Amino acid sequence: MGQPASGPSGELRFPPAFLWGTATAAYQIEGAVREDGRTPSIWDTFSHTPGRTAGGDTGDTATGHYHRWREDVALMKELGYGAYRFSVAWPRVQPTGRGPAVQRGLDFYRALVDELLAAGIKPMVTLYHWDLPQELEDAGGWPERDTAHRYAEYARLVGEALGDRVELWATLNEPWCSAFLGYGSGVHAPGRTDPAAALRAAHHLNLAHGLGTAALRSVLPARGKVTVSLNAGVVRPLTGSPGDADARRRIDILATRVFSDPMLHGTYPESLFADTAGITDWSFVRDGDLATARQPLDALGLNYYSPTVVSAATDDGGPRRDGHGRSDHSPWIGADDVAFHQPPGELTAMDWSVDPTGLHELIMRFTREAPGLPLLVTENGAAYEDRPGPDGGVHDPERIAYLHGHLAAVHRAMADGADVRGYFLWSLMDNFEWSFGYAKRFGLVRVDYETLARVPKTSAHWYSRLARTNVLPDPDAGADAAAGTSAGAGSGPVPAA
């Protein structure tokens, strides 16, 4: 697709075919949770359980995207974004997780895709972004093998409906969160805290990825491309001691290799079995499962926000500072004696460190590990405490600086030989941020949760300039971009429909 370049004044230029996109997830933006045949997902149940989310927030309304999708697509077009990664809500398409699809649900996504294509925006469909139908959870959820087979059936249904118009597909988003936050620490839906169940869930998500990939390929046209989005860890030891090195090894296996090894190589690390021998004997792994998990991919999606720093156990007795919420139960199964440390430097509103070198490190890792496999950055972004100013605009220089640093890291990785084909910024708009409710804002577009009006932030226009020119703008160029000098997009609120 061409190589990155530096202009005469040192500007960083990306190849002409590079995808500049944004990303969202169904439960975080759609709302309309009881309309057109949709039934509850595990996130509906979880968010309605007292004490599970900040402020008791739910996705019942979210950003109202289910009724405002035309305006949202028009805004993306106006801002010049070339791609959009969104997820399909499983309980909107297959309410019980079994049986035929609900055509009203599929029609919503058909119309959305058609609108995107008419606007010149490339759609990317994520099939699973954490909204398991509650009926499947009641039957055991991801720790049960049957859920993987139900997922493959669902993948085939959506592939049949949208495959003639969608080229790029992701099977799963961040299966680590589904398995280890959902069934280990319990800070994500369904909120269970069973270490053995978390490991079973991880394996069945690997199996689901393989079965789903095969199901998609059976119905997609030849141009269809399949990927998966992994939040693979960038794990660093606190010191050079042997104990800290072993802590890094154990967490790297749980953060990354428990998924990347089966999907890319058809194996599990032998040391994973040894590290977790006191929790499970892994007898749920059947002959042929790992071969099924290892399906040929057309690209690998990488999600990155911040690195993780670990050491051997310490005596401070403080909270686990791993960036994944507070719980008395650890998502790091079999590694309770590993200590986590706040990385140094600037923090976002999530208390995640700002470290673009981690993104470069992650990209180069998989460039070496899977040579010849194209890469996509399928999520990267930051939450900040941005608010409307006196002029009604939302000026967010911190986010622009964050994006500039991380995109420069992507450019450097490409110059170092990485085949990165696109970048999807998290997120298009402020939304329901899982257990944090509406308290954390990642969006390029601010959403007023009282009126649902949209206001593009300064960063939205800065990113617009990049998407239109393929040249990384200076961080200080945000004010000019917001004034419309490059994007031509308005900065006032988009009123609620």
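Quick note: structure is the one above.
First, a word on scope: everything that follows refers to the structure included in this document. Model, not experiment: these values are computed from the prediction. (Residues numbered from 1 in each chain as written. Predicted model: local features only at pLDDT ≥ 70, side-chain atom pairs only at ≥ 80, totals over all residues. Heavy atoms only, no water.)

Along its length, the protein carries 16 helices and 15 strands. For the protein, whose C-alpha radius of gyration is 21 Å, the value lies close to the compact-globule estimate of 23 Å for 497 residues. Referenced to the eigenvectors of the C-alpha coordinate spread, the extents of the protein come out at roughly 60 × 55 × 45 Å. Buried positions account for 61% of the 497 residues belonging to the protein. Pairs at least 24 residues apart make up 76% of the contacts formed inside the protein by residues separated by at least 6 positions. The averaged location of the 61 negative side-chain charges in the protein is 4 Å from the averaged location of its 45 positive side-chain charges. (Helix = DSSP H or I, 4+ residues; strand = E, 2+ residues; numbered from the N terminus. Rg over C-alpha atoms; globule rule 2.2 N^0.38 Å. Buried < 20%, exposed > 50% of the residue type's maximum accessible area, 1.4 Å probe, protein only. Contact = heavy atoms within 4.5 Å. Lys, Arg positive; Asp, Glu negative; His and termini not counted. Charge placed at Lys NZ, Arg CZ, Asp CG, Glu CD.)

Moving on to the sheet that holds strand β10 (residues 308–311). Taken together, the three strands give an open sheet; going across it, the order is β8-β10-β11, and neighbouring strands pair in mixed fashion. Each edge of the open sheet is held by one strand with a lone partner, namely β8 (235–237) and β11 (339–341). Each strand axis lies, on average, 40° off the axis of its neighbour in the sheet, ignoring direction. Across three bridges, the pairing between β8 and β10 is parallel. The partner of P237 across the bridge, within β10, is V310. (Pairing = 2+ DSSP bridges. Axes fitted to C-alpha atoms, helices over the stretch in contact; angles between N-to-C directions.)

Our focus in this paragraph is the sheet that holds strand β12 (residues 375–379). Pairing is parallel in the closed barrel, where eight strands are placed in the order β3-β4-β5-β6-β7-β9-β12-β13. Geometrically, the sheet is characterised by an average inter-axis angle of 25° between neighbouring strands, direction not taken into account. Summarising the sheet, strand β3 (residues 19–23) and strand β13 (residues 420–426) pair through five bridges and their orientation is parallel. Opposite T22, over in β13, you have L425 as the bridge partner.

All right, on to the nonpolar core then. Grouped together as the largest cluster of nonpolar side chains are 158 residues, with contacts concentrated most on W142, Y151, F180, I363, V410 and Y423. Take this core: its biggest share by element is ten residues, from helix α9 (residues 195–219). The contacts of V410, once residues within four sequence positions are left out, are F14, F18, L359, I363, V377, V420 and Y423. (Core = buried A, V, L, I, M, F, W, Y, C linked by side-chain atoms within 4.5 Å.)

Moving on: the packing of aromatic side chains. Counted under the stated rule, the structure contains 39 aromatic pairs. Consider the rings of F108 and Y109, whose centres lie 4.8 Å apart with planes at 75°: the pair is edge-to-face. Neither residue differs from the other here; F108 and Y109 are each classed as buried. Consider the rings of W176 and W332, whose centres lie 4.9 Å apart with planes at 40°: the pair is tilted. Of the two residues, W176 is situated in helix α8 (residues 175–185) and W332 in the loop between β10 and β11; the sequence distance between them amounts to 156 residues. An aromatic cluster is present here, built from Y27, W43, F46, W130, F432, W434, Y438 and Y449 joined pairwise through their rings. Looking at R92, its charged tip hangs above the ring of Y66, at a distance of 4.1 Å from the centre. (Phe/Tyr/Trp six-rings, centres within 6.5 Å; stacked < 30°, edge-to-face > 60°. Lys NZ or Arg CZ within 6 Å of the ring centre and 35° of its normal.)

A separate point is the environment of F273. Residue placement: F273 occurs in helix α11 (residues 270–275). A relative accessible area of 26% means that F273 is categorised as partly exposed. Taking the C-alpha atoms as reference points, F273 and G334, 61 residues apart in sequence, are found 9.9 Å from one another. Among all residues touching F273, those that are not within four sequence positions of it are Y268 and W282.

Let us look at the packing of helix α7 (residues 145–162) against α9. One way to put it is that α7 packs onto α9 with a least axis distance of 8 Å and a crossing angle of 25°. Viewed along their axes, α7 and α9 adopt a mutual orientation that is roughly parallel. Crossing geometry of α7 relative to α9 is assigned as right-handed. Contact with α7, carried on its side by R145, A148, H149, Y151, A152, A155, R156, G159 and E160, involves H204, L207, A208, L211, G212, A215, L216 and V219 of α9 and no other residues of that element. Its residues assigned to classes, the contact of α7 with α9 shows ten nonpolar, four polar and three charged. (Parallel < 35°, antiparallel > 145°, perpendicular 65-115°, else oblique. Left-handed = near helix turned anticlockwise from the far one by under 90°. Nonpolar A, V, L, I, M, F, W, Y, C, P; charged D, E, K, R; others polar.)

Time to look at unusual backbone geometry. Leave glycine aside and you will find that most residues have negative phi; peptide bonds, for their part, are mostly trans. Following A189, the chain continues to P190 via a peptide bond in cis, the omega torsion being 10°. Within the secondary structure layout, P190 lies in the loop between α8 and α9. The linkage connecting W426 with the following residue, S427, adopts the cis geometry, with an omega of 10°. With respect to the secondary-structure elements, S427 resides in the loop between β13 and β14 (445–447). In this structure, W130 is a non-glycine residue whose phi angle is positive, near 85°. Note on placement: W130 falls in the loop between β5 (122–128) and α6 (134–138). On the basis of relative accessible area, W130 is assigned to the buried category, the value being 6%.

All right, on to the pattern of salt bridges then. Counted under the stated rule, the structure contains 35 salt bridges. Where R223 meets E167, a salt bridge forms, and the shortest distance between an N and an O atom there is 3.9 Å. Taken as a pair, R223 in the loop between α9 and β7 (225–230) and E167 in the loop between α7 and β6 (168–173) lie far apart in primary sequence, 56 residues in all. Measuring nitrogen to oxygen at the nearest pair gives 3.7 Å for the salt bridge that ties R365 to E369. Pair noted here: R365 and E369 are both in helix α13 (residues 356–369), with a separation of four residues, about one helical turn. Its relative accessible area of 18% is what places R365 among the buried residues. Using a relative accessible area of 23% as the deciding quantity, one classes E369 as partly exposed. Each of D386, D396, R399, D430, R441 and K457 takes part in a single network of salt bridges with overlapping partners. (Salt bridge = Lys/Arg side-chain N within 4 Å of Asp/Glu carboxyl O.)

Buried residues dominate α8, accounting for eleven of its eleven residues. Those residues of α8 that sit buried are P175, W176, C177, S178, A179, F180, L181, G182, Y183, G184 and S185. In this structure, the buried residues of α8 make contact with β5, α6, β6, α9, β7 and α10 (242–265). The first or second residue beyond α8 is G186, which carries a positive phi of 80°.

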